[in-house]
Amino acid sequence: MPLKFRYLLLFAFLLQAINAQTTRITDRNDIGWYNYFGTFKVANKWSVHTEYQWRRDQTISNPQQSLLRLGANYQASPKLQLRLGYAWIETYAYGDIPLNGFGKTFIEHRSFQMATITDKIWNIDLSHRFMLEQRWVGRFNSAASTSEDEYLFLNRLRYMFRLQIPLAKNPKPKTPYLAVYDEIFLGFGENIGANVFDQNRLGLLLGCNLTSNLKIEAGYLNQIVQFGRNINNQDVYQYNNGLIVNTIFNFDFQKNKETK
């Protein structure tokens, strides 16, 4: 291929990349996510999962989302846990461009199925989490509507990889650790609109087991969200960055029964 032609192709590629960026509408927000996770073991292989996430815009001052999730866990093997559950989500009209086209707060209901595979290499903990969600997202037919007129059904697939490294050569139960994770969300099936790529989350956390039942993690969260709708034929993306704090409880009711 002649050298001039190669330069022409490169120039055309760069123009296309620049044009793709200019046709994208972006909204940037400072967020804070403050989360509770509780697991209660009730049988040899069974446990109950409880979760509440208090998500805020402007770090803490404005509401972003409220998320409540409940589930039943089954420990299929030492390295494989399965979960079946339900989630309730309330999403507020945060940011310069709200997720809802009418700027309204809306409710979402979800059922989900999840599989988590864990492994260990030296002192490094690895996990792969696969989640399938069936979502019923509240939708308004007009600006005059005071409550959701209908619920749009959507499917979504999620995959998260997490790596956790202790901050000591010979870690003990209370040794602090560094954790990094990335999770991608993909929509599929009918009604997904513009967001086959739904969102991506990247987190960097510092954590510590304070007791045998309590763990605290805190750090940085980067969230990229693609809207399910276009504005003036342009894709809309949110770039959210901020603080995440996780409080994690684990209780084994079987041990409590044995000690009585």
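Preceding this section is the structure that the text describes.
If you're wondering where the values come from, they're calculated on a predicted model, not measured in any experiment. (Residues numbered from 1 in each chain as written. Predicted model: local features only at pLDDT ≥ 70, side-chain atom pairs only at ≥ 80, totals over all residues. Heavy atoms only, no water.)

Colleague: Let's hear about the overall build of the chain: which residues, and what values?
Modeller: Across its full length, the chain holds two helices and eleven strands. Mapped from its N terminus to its C terminus, the chain presents α and β elements in the order α-β-β-β-β-β-β-β-β-β-β-β-α. Counting only residues that meet the buried cut, the chain has 38% of its 260 residues in that class. Here the contacts in the chain between residues at least 6 apart in sequence split such that 54% fall between residues at least 24 apart. For the chain, the accessible surface area stands at approximately 14,800 Å², while carbon and sulfur atoms represent 62% of it. (Helix = DSSP H or I, 4+ residues; strand = E, 2+ residues; numbered from the N terminus. Buried < 20%, exposed > 50% of the residue type's maximum accessible area, 1.4 Å probe, protein only. Contact = heavy atoms within 4.5 Å. Areas by Shrake-Rupley, 256 points an atom, 1.4 Å probe, with all protein chains shown as cover.)

Colleague: How would you sum up a nonpolar patch on the surface? Please name residues and give values.
Modeller: A cluster of nonpolar side chains, contributed by Ile165, Leu167, Leu178, Val180, Leu202, Leu204, Leu206 and Tyr220, occupies part of the molecular surface with about 650 Å² of accessible area. Those elements giving two or more residues to the nonpolar patch turn out to be β8 (177-188) and β9 (197-209). For the nonpolar patch, the leading source of residues is β9, giving three residues. Locating Leu202 in the fold gives a position in strand β9. (Patch = residues over 30% accessible without salt bridge, like charges linked within 9 Å, V, L, I, M, F, W, Y side chains within 5 Å. Salt bridge = Lys/Arg side-chain N within 4 Å of Asp/Glu carboxyl O.)

Colleague: Talk me through the sheet that holds strand β11 (residues 235-252); I want residue IDs and the actual numbers.
Modeller: Pairing within the closed barrel is mixed, and its eleven strands lie in the order β1-β2-β3-β4-β5-β6-β7-β8-β9-β10-β11. On average, adjacent strands in this sheet sit at an angle of 20 degrees to one another, irrespective of strand direction. (Pairing = 2+ DSSP bridges. Axes fitted to C-alpha atoms, helices over the stretch in contact; angles between N-to-C directions.)

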